[in-house]
Amino acid sequence: MPVYRQLCMGFLSQLLTHEFNNSLTSLSGYAQMALSIQKEEIYLKSAQVFLDVSNRLQELIQHIHALS
């Protein structure tokens, strides 16, 4: 089982890294759009995307803590 556990931890770490990169990329992109367009719906969309991705990151972190 230790090998399986290490594989799971590696996989979850990769998912966490990928999701973290997605959150930074989406937040940056929407922030740049919001600043250039200056429309409220873009600010709201940016906030919603960031909340969705940050919730996913929290879920992955909980899985990593559960396995460690």
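Everything discussed here concerns the structure shown above.
Residues numbered from 1 in each chain as written. Predicted model: local features only at pLDDT ≥ 70, side-chain atom pairs only at ≥ 80, totals over all residues. Heavy atoms only, no water.

**Here we look at helix α1 (residues 2-37)**
For α1, with 36 residues, the first-to-last C-alpha span of 52 Å sits near the 52 Å given by 1.5 Å per residue. The set of residues buried in α1 consists of C8, L12, E19, S23, S26 and A34. For α1, the elements touching its buried residues are α2 (40-67). A positive phi of about 55 degrees marks Q38, the residue just after α1. (Helix = DSSP H or I, 4+ residues; strand = E, 2+ residues; numbered from the N terminus. Expected span 1.5 Å × (residues − 1). Buried < 20%, exposed > 50% of the residue type's maximum accessible area, 1.4 Å probe, protein only. Contact = heavy atoms within 4.5 Å.)

**Notes on the packing of α1 against α2**
Packed helices, taken two at a time, are described by the angle between their axes plus the distance between the axes. Packing of α1 against α2 leaves a shortest axis separation of 9 Å and a crossing angle of 165 degrees. One element, α1, and the other, α2, form an angle in the roughly antiparallel class. Along this stretch, α1 crosses α2, giving a crossing that reads as left-handed. (Axes fitted to C-alpha atoms, helices over the stretch in contact; angles between N-to-C directions. Parallel < 35°, antiparallel > 145°, perpendicular 65-115°, else oblique. Left-handed = near helix turned anticlockwise from the far one by under 90°.)

**Quick look at α2**
Its 28 residues place the ends of α2 41 Å apart at the C-alpha level, agreeing with the 40 Å of an ideal helix rising 1.5 Å per residue. Of the positions making up α2, those classed as buried are I42, S46, V49, V53, S54, L57, L60 and I64. Of the surrounding secondary structure, the elements contacted by the buried residues of α2 are α1.

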